[in-house]
Amino acid sequence: MTRKIKWKQNKMLPYMLLLISLGGFCFFYLVPFLLSFIYSVVDHPVNGKFCGMLNYQALFQNNYFLRGLKNTAWFMAVSIPLNMVLSLCVALVVRKIKVYSNYFSLIFLIPLAIPSATSAFFWENFFGMHGTLNRFLAIFHVEGIDWLESGYGMMVMVIIFIWKNIGYNMALFISGLSGIPKEYYECADVEGAGKFWKFRNITYVYLTPVTFFVLIMTFVNSFKVFKEIYIMTGEYPPDSLYVLQHYINNMFLSLNYPKLVSATYVLTTVIVLFVFCIFRAERRFSENLHY
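Fair warning: this is a prediction, and the values are worked out from it, not measured in the lab.

Participant: Teacher, can you tell me more about the overall build of the protein chain here?
Facilitator: Looking only at helices and strands, the protein chain features 13 helices and zero strands. Tracing the protein chain from N to C terminus, the helices and strands come up as α-α-α-α-α-α-α-α-α-α-α-α-α. For the protein chain, whose C-alpha radius of gyration is 24 Å, the value lies well above the compact-globule estimate of 19 Å for 291 residues. Referenced to the eigenvectors of the C-alpha coordinate spread, the extents of the protein chain come out at roughly 85 × 75 × 40 Å. Considering the protein chain as a whole, with its 291 residues, one finds that 36% of them fall into the buried category. A sequence separation of at least 24 residues applies to 69% of the contacts in the protein chain between residues at least 6 apart. Carbon and sulfur atoms form 69% of the exposed surface of the protein chain, whose accessible area is close to 18,900 Å². Taken as two groups, the 23 positive and 14 negative side-chain charges of the protein chain have centres that lie 14 Å from each other.

See below:
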């Protein structure tokens, strides 16, 4: 009887731990997030009156919000595909290296361990008016510019984002490449298949689930570039570097909770829809792959 009770207790233990974690998540994250929706439908955070969707309507008429939305979309459209392609290329090269491959991959993983403040300080001194890049260009008698304040500011942030995240995505792709059976490549070699055919019909096909996961993680990590932008340019950066997080942060500092919550819910909706579409696409592709 005692043994039976202990067995039931051991069986219920994982569910109890999950219930505790779920309760903490609901109490500290989910419930406050849902309750904050009230602020998005009132005209004032204190004793405000119900205004319906007027805050959302005003949001899409706000020039700063639209500028942040445009710059964020442009940054993602460039940085996410470029990061994924370069990460896959680096992963394929690392897999081909037979000697010191671990040390070579470690070079790309080092940026993950560097704090944002340190990396921002380094890049600010590299791309600044009197930075390393302008000193190098001066050797060839090219007049330097403040790259962060110029029209190339967003490209600088793309470079920083790729530099910091290429190692993480590379590790994921290497893990996916390691799971592809070598027999497939050996059979293709026997049939006389070329490198491009093997990549398209073997590597690319069996790497697709990992690619979808990398896409989601890169999409999420692209929002974290705000830390570097904020450290280097402050609360009010140049127009080309003004992203959605700047707008949300400024609304928080000004205690404008209706606009803050409205912008947050719009951003959350975009993220949820994007991830949902990615999972649907991945499921359909997996079903077609089985057939």
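Participant: I'm lost on the nonpolar core in this one. Help?
Facilitator: With 60 residues, the main nonpolar core has F65, F75, M157, M232 and Y247 as its most contacted residues. Broken down by element, this core gets its largest block of residues, 13 residues, from helix 7 (residues 153-178). The residues contacting Y247, other than those within four sequence positions of it, are L59, N62, Y64, F65, Y242, K259 and A263.

Participant: What is the right way to look at the packing of aromatic side chains in this model?
Facilitator: What describes a pair of aromatic rings is the distance from one ring centre to the other and the angle between the planes of the rings. Tallied over the full model, the rule gives 21 aromatic pairs. Between F27 and F28 the ring centres are 4.9 Å apart and the planes differ by 90 degrees, which places this aromatic pair in the edge-to-face class. The class of F27 is exposed, set by a relative accessible area of 59%. Considering the side-chain rings of F122 and F126, the 6.3 Å spacing of their centres and the 25 degrees angle between planes classify their relative orientation as stacked. Taken as a pair, F122 and F126 lie in helix 5 (residues 116-127) at a separation of four residues, close to a single helical turn.

Participant: Honestly, the layout of surface pockets in this entry has me stumped. Any pointers?
Facilitator: In this approach, a probe sized like a water molecule rolls over the atoms, and the result shows the empty space that is left. Considering only enclosed or pocket space, the largest pocket measures out at about 740 Å³ in volume. Lining the largest pocket are 21 residues, and of these L92, R95, K96, Y185 and T203 sit closest to its centre. Counting only elements with at least two residues in the lining of the largest pocket, the list comes to helix 3 (63-96), helix 4 (101-113), helix 7, helix 8 (182-190) and helix 9 (195-206). Here the lining of the largest pocket takes five residues from helix 9, the largest share from any one element. Taken together, the residues of the lining of the largest pocket sort by class into nine nonpolar, five polar and seven charged. If you add up the space inside the second largest pocket, you get close to 220 Å³. Considering the residues around the second largest pocket, the lining is formed by L112, S116, I160, F161, K164, N165, Y168, N221, K224, V225, K227 and E228. Of all the secondary structure elements, the ones that give two or more residues to the lining of the second largest pocket are helix 7 and helix 11 (226-233). The element contributing the most residues to the lining of the second largest pocket is helix 7, with five residues. A class-by-class count of the residues in the lining of the second largest pocket yields five nonpolar, three polar and four charged.

Participant: In this structure, what is going on with the pattern of salt bridges? I would like to understand it.
Facilitator: Pairing between side chains of opposite charge can happen when the charged atoms of each approach one another. All chains considered together, the criterion is met by three salt bridges. E228 is paired through a salt bridge with K164; the nearest N and O atoms lie 2.9 Å apart. On the criterion of sequence distance, the pair formed by E228 in helix 11 and K164 in helix 7 is long-range, its members being 64 residues apart. D189 is paired through a salt bridge with K198; the nearest N and O atoms lie 2.8 Å apart. For D189, a relative accessible area of 45% corresponds to the partly exposed category.

Participant: How do you make sense of the confidence of the model for the protein chain when you look at a structure like this?
Facilitator: Atomic detail in the predicted coordinates should be set aside for any region of low pLDDT. In this model, the protein chain carries an average pLDDT of 83, and 94% of its residues clear a pLDDT of 70 or more. By mean pLDDT, the top-scoring element of the protein chain is helix 3 (90), and the lowest-scoring one is helix 1 (residues 2-35) (74).

Participant: Can you help me understand helix 9 in this one?
Facilitator: Within an α-helix, residues lying three or four positions from one another point in the same direction, as the helix has 3.6 residues per turn. The first and last C-alpha atoms of helix 9 sit 15 Å apart over twelve residues, in line with the 16 Å expected at 1.5 Å per residue. Of all the residues in helix 9, the buried ones are K198, I202, T203 and V205.

Participant: Quick question: what am I supposed to make of helix 10 (residues 208-222) here?
Facilitator: Given a rise of 1.5 Å per residue, 15 residues ought to cover 21 Å, and the 21 Å separating the end C-alpha atoms of helix 10 matches this to within 8%. Residues of helix 10 that are buried: T208, F212, V214, L215, I216, T218, F219, N221 and S222.

Participant: Can you help me understand the packing of helix 4 against helix 7 in this one?
Facilitator: Two packed helices can be described by the angle between their axes and the distance between those axes. Running from N to C, helix 4 and helix 7 point in directions that differ by 125 degrees, and their axes come no closer than 7 Å. With respect to their mutual orientation, helix 4 and helix 7 come out oblique. Where helix 4 crosses over helix 7, the handedness of that crossing is left-handed. Contacts between helix 4 and helix 7 involve S105, F108, L109, P111 and L112 from the first element and W163, K164, I166, G167, Y168, M170 and A171 from the second. The residue inventory of the contact of helix 4 with helix 7, partitioned by class, reads nine nonpolar, two polar and one charged.

Reading the values: the criteria
- Residues numbered from 1 in each chain as written.
- Predicted model: local features only at pLDDT ≥ 70, side-chain atom pairs only at ≥ 80, totals over all residues.
- Heavy atoms only, no water.
- Helix = DSSP H or I, 4+ residues; strand = E, 2+ residues; numbered from the N terminus.
- Rg over C-alpha atoms; globule rule 2.2 N^0.38 Å.
- Buried < 20%, exposed > 50% of the residue type's maximum accessible area, 1.4 Å probe, protein only.
- Contact = heavy atoms within 4.5 Å.
- Areas by Shrake-Rupley, 256 points an atom, 1.4 Å probe, with all protein chains shown as cover.
- Lys, Arg positive; Asp, Glu negative; His and termini not counted.
- Charge placed at Lys NZ, Arg CZ, Asp CG, Glu CD.
- Core = buried A, V, L, I, M, F, W, Y, C linked by side-chain atoms within 4.5 Å.
- Phe/Tyr/Trp six-rings, centres within 6.5 Å; stacked < 30°, edge-to-face > 60°.
- 1 Å grid on protein atoms, 1.4 Å probe; cavity = no way out; pocket = protein on both sides within 12 Å on 5 of 7 lines; lining within 4 Å.
- Points joined across faces, edges and corners; volume = space filled by probe spheres on them.
- Nonpolar A, V, L, I, M, F, W, Y, C, P; charged D, E, K, R; others polar.
- Salt bridge = Lys/Arg side-chain N within 4 Å of Asp/Glu carboxyl O.
- pLDDT = per-residue confidence, 0-100.
- Expected span 1.5 Å × (residues − 1).
- Axes fitted to C-alpha atoms, helices over the stretch in contact; angles between N-to-C directions.
- Parallel < 35°, antiparallel > 145°, perpendicular 65-115°, else oblique.
- Left-handed = near helix turned anticlockwise from the far one by under 90°.

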